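Chain by chain, the residues run as shown.
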Protein chains: 2
Amino acid sequence: MERRLNPKAHEIAILAEGSFGILESKAAAVLVRYLTDNVVAVIDSTKAGKDAGEIIGVGTGIPIVGSLAEAMKLNPTMLAVGIAPPGGELLPKWKSMLREAIESGLHIMSGLHWFLSNDPELAELAARRDVILWDVRKPPANLPIATCKAADVDATVVLTVGSDCRVGKMVVGIELANEARRRGLNAAFCPTGQNGMMVSGWGIAVDAVVSDFSAGAAEQIVIEGAQNHDLLIVEGQGSLVHPGYSGVTLSLLHGSMPDAMIFCHQPSRKGIARYTVPLPSLGEMIAQYEILANPVKPANVIGIALNCFDLTEKQAREAVELAERETGLPATDVIRFGPHKLVDAIVSMQNLCAKSSV
Amino acid sequence: MERRLNPKAHEIAILAEGSFGILESKAAAVLVRYLTDNVVAVIDSTKAGKDAGEIIGVGTGIPIVGSLAEAMKLNPTMLAVGIAPPGGELLPKWKSMLREAIESGLHIMSGLHWFLSNDPELAELAARRDVILWDVRKPPANLPIATCKAADVDATVVLTVGSDCRVGKMVVGIELANEARRRGLNAAFCPTGQNGMMVSGWGIAVDAVVSDFSAGAAEQIVIEGAQNHDLLIVEGQGSLVHPGYSGVTLSLLHGSMPDAMIFCHQPSRKGIARYTVPLPSLGEMIAQYEILANPVKPANVIGIALNCFDLTEKQAREAVELAERETGLPATDVIRFGPHKLVDAIVSMQNLCAKSSV
């Protein structure tokens, strides 16, 4: 087992050099949003002197600094790598900053495709300084082929699915789990991608797993989550109509064996981003998930989460109403209008199944 | 690029120690079936003195011998590893035989999960003796994320899909390509798994690829096949209703972007093997493939390939008739009744699209 890090137990400096922003560094933005109390600084010399809130609308009071040395004055205990270098390769200038961080005794959490722990120099240095290098995308050893064990857990399992990548499956999952906990439910967000993992301190990056074992990875996540929770919100990935990633999506559906699904969509998006594949109607996309779930374990989509960040308030309300009319399901934008309707739907479903003891 | 081996240019000894048989060693059996003229010996001391034909019904005249030394008397130039050790690990006794084979100057082609070329001792020995170790399951470096490039090839692409693993998708693919070639079509079988690759000398084991890139691997196979062929029969894997492997199946569907599909099924099979998942009806399973293909590239199932090895002649004929009545599609058992009907269906579809210049 890789040694993980629990980010909630740390004071975090985020390395986002040259890329801090909502779209430029999803990792840095979600860390600031969901670990606001833990983040002591964001490192980005191109925005130094500003405040995280000025750039991404959350994280007011978190300073953006120009160097690791400046960040060190705020006493971080961990460096979170929130840069996304082209091709996933690490530039030499960043490697020297990582070396400096390790020398300074910081643990490091990284979502890079390039694994820090595979670099002999960094690994040796980390061992010597007794700090953990947690490469969140590095799959655990000995993952099984899925065997439907996720069906046996006592927890209720809800999977966030969607129309495309980057429509909000992670954020929706976190928001639903947070709201469920506010209502007193013993709920956990189950991360399946690097950003959710860095927020939560556990999970498996399913898309980094050899495809024979990707459903098995989803199964493992559900089994681990169910050990201590009654309600699991599993983060979906990709889309059943995504030409590149649909296999990951289906592995997650069949591996996690959800009791219900929440469908995530960006109303302004008419086709798969960066492809010439038009999106089917909401109803068709929802039907695909249900048709594919059915033979392995029946599950329905019970709510719609719309990502209306690029719409006006009025347009967003109209989009929500339209989705509800089109599908007959409750819809919301969890960031703009709150996750309440969807948690209501989950609770009703949960009571209906009487599967959990909640 | 890994150095591949073209098995049709070699005299092959097959290592099937303790496991030669149709069910026990699928790799050995298909090599004997499809490379009959190239196989000089099968090594299995538990059946030594017999003839391959006596054990698996094909390969009459190919001797089964008790050791590599005996096989060497028949002047092989390549050893094909047709054993499937539990857990994919190589036992020490086999490793010593591999060492002996390399020392004797044999190239080695292996479908093991455990890569020979990663073993420093074997790799060093192979370099010294100038022989190739082709680990067919080792994915090529730098696979892309799929980008729908398979839609642009000039070749007609047919994908074999199916209800479960081990229902005949590989054999059907090989038989259809062979029959198409007999009719003068410039057809190629495109392998996506280790056994088909060992028969054909190329391909990618898609299930061994990191799931982000498995559709990209399928795309690469189609692009490579289309360089020199007008009709590609792409080997499918798994099943859309297989809890462990469905992701691989969908990656292949969206990565290879077929013009049509052949649905493979074993009529006696009522559920996914080794799982408690009952199979939906033929019509439902076919509809799933078409529904999932549709948003990325529409393709219909145009024929049914039944695997009736465990049925009597009469039962097999009845199963074929029933499948035809149930689906309105041409059906056959390609081994028992020949692949003609399905190649007819492909040719009609091809003429209809007038996509290829055949």
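Just so you know, these numbers come straight off a predicted model, no measurement behind them. Per chain, residues are indexed from 1 in the order of the written sequence. Throughout, the order in which chains and ligands are written sets their labels, letters from A for the former and numbers from 1 for the latter. Per-residue local features of the predicted model are confined to residues with pLDDT of at least 70, and side-chain atom pairs are confined, for both listing and counting, to 80 or more; whole-chain, interface and lining totals are unaffected and use all residues. The basis for every side-chain value is the complete set of heavy atoms in the structure, and neither hydrogens nor water enter the calculation.

Lay out the interface of chain B and chain A with the relevant residues and their values.
Residue contacts are defined here by distance: any two heavy atoms, one from each residue, within 4.5 Å place the two residues in contact. Residue-level contacts link 34 residues of chain B with 34 residues of chain A. The buried area of a pairing is the accessible area, by a 1.4 Å probe, that goes missing from both parts when the two are put together, added over both. Carbon and sulfur atoms supply 60% of the area buried between chain B and chain A, which totals about 2,800 Å² over both sides. Ranking the residues of chain B by area buried against chain A places Ser211, Asp212 and Pro295 of chain B at the top, with a combined share of 19%. One speaks of a salt bridge when a side-chain nitrogen belonging to Lys or Arg is within 4 Å of a carboxyl oxygen belonging to Asp or Glu. Remark: the boundary between chain B and chain A carries zero salt bridges. N or O atoms closer than or at 3.5 Å make up a polar contact, with two conditions inside protein: a donor-capable atom paired with an acceptor-capable one, and, for residues adjacent in sequence, both atoms drawn from side chains. On the surface where chain B and chain A come into contact, there are 14 residue pairs in polar contact (both at pLDDT 80 or more).

Explain the packing of aromatic side chains residue by residue, including any values.
Residue and element names in this part refer to chain A. Centres within 6.5 Å make a pair out of two Phe, Tyr or Trp rings, where for Trp the six-membered ring is used; the pair is then stacked when the planes are under 30 degrees apart, edge-to-face when over 60, and tilted otherwise. What the rule picks out here adds up to two aromatic pairs over all chains. Look at Phe263 and Tyr289: their rings are 6.0 Å apart centre to centre, the planes differ by 70°, and that puts the pair in the edge-to-face class. Separated by 26 residues along the polypeptide, Phe263 in strand 10 (residues 260-265) and Tyr289 in helix 10 (residues 282-293) bring together distant segments of the chain. Only protein chains enter the accessibility calculation, which uses a 1.4 Å probe. A residue is then buried if its area is under 20% of the maximum for its type, exposed if over 50%, and partly exposed in between. For Tyr289, a relative accessible area of 2% translates into the label buried. Helix and strand assignments follow DSSP, with helices taken as H or I runs no shorter than four residues and strands as E runs no shorter than two, numbered in order from the N terminus.

Before we move on, could you go through the relation of the copies chain B and chain A and cite the residues and values that matter?
Relative to chain A, chain B is turned by 180° and slid 0.0 Å along the rotation axis, the superposed coordinates differing by an RMSD of 0.0 Å. Viewed as a symmetry operation, the transformation between the two copies matches a two-fold axis. Both copies present the same face, since 100% of the interface residues in chain B are matched by interface residues at the equivalent positions in chain A. When the copies are overlaid, the least-squares fit takes in C-alpha atoms only where the residue has pLDDT of at least 70 in both copies.

Describe the nonpolar core, with residues and values.
To define a nonpolar core, start from buried Ala, Val, Leu, Ile, Met, Phe, Trp, Tyr and Cys residues and group those joined through side-chain atoms within 4.5 Å. Judged by nonpolar contacts, the single largest core of 106 residues is most densely connected at Met261 and Phe263 of chain A together with Met261 and Phe263 of chain B. Ignoring anything within four residues of it in the chain, the contact list for Met261 of chain B reads Leu159, Val161, Leu253, Tyr289, Glu290, Ala293, Ala299, Asn300, Val301, Ile302 and Gly303 of chain B.

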